[in-house]
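# Structural characterization, general
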Amino acid sequence: MPAGPLPDPGSPWIRRRPTPLAVAGVASLANGLALLLYILGRVPLPLLLAVTWTVAVLALATMGALSEPSNRARLRRYIAIGFAAGIVATLAYDVTKAILSQVDPSPFNPFEATRIFGTILIGVDAPPTLIAIVGWAFHLTNGCTFAIAFGCLFARGGRISVRRGILTGMAWGLFLETFQLALYPGWLDI
């Protein structure tokens with residue numbers, strides 16, 4: 001029997017089980033984590049993706065099994081909305097990048113990373129079209145999973161104003177872009 005009074009359940013020192021949205025948000029960062037570890041540690045990206053996605057799927061499955069049906073339905077809704085928003089946002093990002101690359105005198109192809117993703121994932125000997133498809137699929141997957149992570153981690157269960165959502169979304173995008181700009185030039189030897 002513990003000595004003294006029991007701690008207040010509202011106390012920040014009480015360990016709480018993570019919410020399904022928090023688990024989904026962190027699990028959605030599997031692609032980004034795998035790419036970061038590849039860039040920094042040169043561990044094979046396919047292996048890192050297999051490990052990070054296995055952990056992510058197991059975490060989601062466990063959380064789903066422990067959650068009430070209403071929480072599972074909410075989680076599916078967040079993932080679906082994040083996926084759709086991620087496709088739209090990634091394509092808008094790419095269109096913007098394409099337009100800005102026409103104004104920038106840099107000889108660097110702004111879409112070179114997608115070819116490199118494909119090459120890393122399936123090898124230099126694969127047909128160029130397949131390399132492009134795999135690279136673009138990885139790129140779009142990153143955009144979708146980052147959008148899912150944003151929705152699950154920062155949208156506060158849908159209790160966020162449109163203005164705050166836009167500002168927080170812009171901050172999330174700028175954080176991701178800054179993170180990318182800190183890593184990609186050295187990695188891609190720009």
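Nothing here was measured: the structure is a model prediction, and the numbers come from that model.

Quick look at the overall build of the protein now. When you go through the protein residue by residue, the secondary structure sums to 7 helices and 0 strands. Each helix (α) and strand (β) of the protein, taken in turn from the N terminus, gives the series α-α-α-α-α-α-α. Here the protein, with 190 residues, has 32% of them falling under the buried criterion. Pairs at least 24 apart in sequence give 64% of the contacts found in the protein among residues at least 6 apart. Surface accessibility of the protein: about 12000 Å² in total, with carbon and sulfur atoms responsible for 71%.

A complete count under the given rule lists 10 aromatic pairs for this structure. Judged by centre distance (6.3 Å) and plane angle (80°), the rings of Tyr 38 and Trp 187 are edge-to-face. One end of the pair, Tyr 38, is in helix α2 (residues 30-41); the other, Trp 187, is in helix α7 (residues 162-188), with 149 residues separating them in the sequence. Overall, the relative accessible area of 13% leaves Tyr 38 in the buried class. Between Phe 150 and Phe 154, the aromatic rings sit 5.8 Å apart at their centres with planes inclined by 40°, giving tilted as the arrangement. Here Phe 150 and its partner Phe 154 are both found in helix α6 (residues 128-154), 4 residues apart, which amounts to about one turn of the helix. Note on Phe 150: relative accessible area 17%, which makes it buried.

Within the largest apolar cluster, 15 residues are counted, with the highest numbers of intra-cluster contacts made by Leu 35, Tyr 38, Ile 39, Leu 45, Phe 117, Tyr 184 and Trp 187. Listed by contribution, the elements that provide at least two residues to this core are α2, α3 (45-66), α5 (112-122) and α7. In this view, Leu 35 contacts Leu 45, Phe 117, Phe 138, Asn 142, Tyr 184 and Trp 187; residues no more than four positions away in its chain are not counted. Membership of the second largest hydrophobic core comes to 7 residues, among which are Leu 75, Tyr 78, Ile 148 and Cys 152.

Here we come to the packing of helix α1 (residues 20-27) against α3. α3 packs onto α1 with a crossing angle of 170° between their chain directions and a minimal axis gap of 9 Å. Classed by the angle they form, the pair α1 and α3 counts as roughly antiparallel. On α3, the residues touching Pro 20, Val 23, Ala 24 and Ala 27 of α1 are Ala 56, Ala 59, Leu 60 and Met 63.

The next thing to look at is the packing of α1 against helix α4 (residues 69-103). The geometry of α1 relative to α4 is characterised by a closest axis approach of 10 Å and an angle of 35° between their N-to-C directions. In the crossing of α1 with α4, the sense of the turn from one axis to the other is right-handed. In contact with Pro 20, Leu 21 and Ala 24 of α1, α4 contributes Asn 71, Arg 74, Leu 75 and Tyr 78.

Our next topic: the side chain of Thr 145. Within the secondary structure layout, Thr 145 lies in helix α6. There is a polar contact of 3.5 Å between the side chain of Thr 145 and the backbone oxygen of Ser 28.

Along the chain, Thr 168 turns up in helix α7. In sequence terms Thr 168 and Ala 155 are 13 residues apart; their C-alpha atoms lie 8.6 Å from each other. Beyond its immediate stretch of four places on either side in the chain, Thr 168 contacts Phe 150, Phe 154 and Ile 160. Here the side chain of Thr 168 touches Arg 164 through a polar contact of 2.6 Å, landing on its backbone oxygen.

What counts and what doesn't
Residues numbered from 1 in each chain as written. Predicted model: local features only at pLDDT ≥ 70, side-chain atom pairs only at ≥ 80, totals over all residues. Heavy atoms only, no water. Helix = DSSP H or I, 4+ residues; strand = E, 2+ residues; numbered from the N terminus. Buried < 20%, exposed > 50% of the residue type's maximum accessible area, 1.4 Å probe, protein only. Contact = heavy atoms within 4.5 Å. Areas by Shrake-Rupley, 256 points an atom, 1.4 Å probe, with all protein chains shown as cover. Phe/Tyr/Trp six-rings, centres within 6.5 Å; stacked < 30°, edge-to-face > 60°. Core = buried A, V, L, I, M, F, W, Y, C linked by side-chain atoms within 4.5 Å. Axes fitted to C-alpha atoms, helices over the stretch in contact; angles between N-to-C directions. Parallel < 35°, antiparallel > 145°, perpendicular 65-115°, else oblique. Left-handed = near helix turned anticlockwise from the far one by under 90°. Polar contact = N/O pair within 3.5 Å; in protein donor to acceptor, adjacent residues only side chain to side chain.

By themselves, these observations are geometric and do not establish any function.
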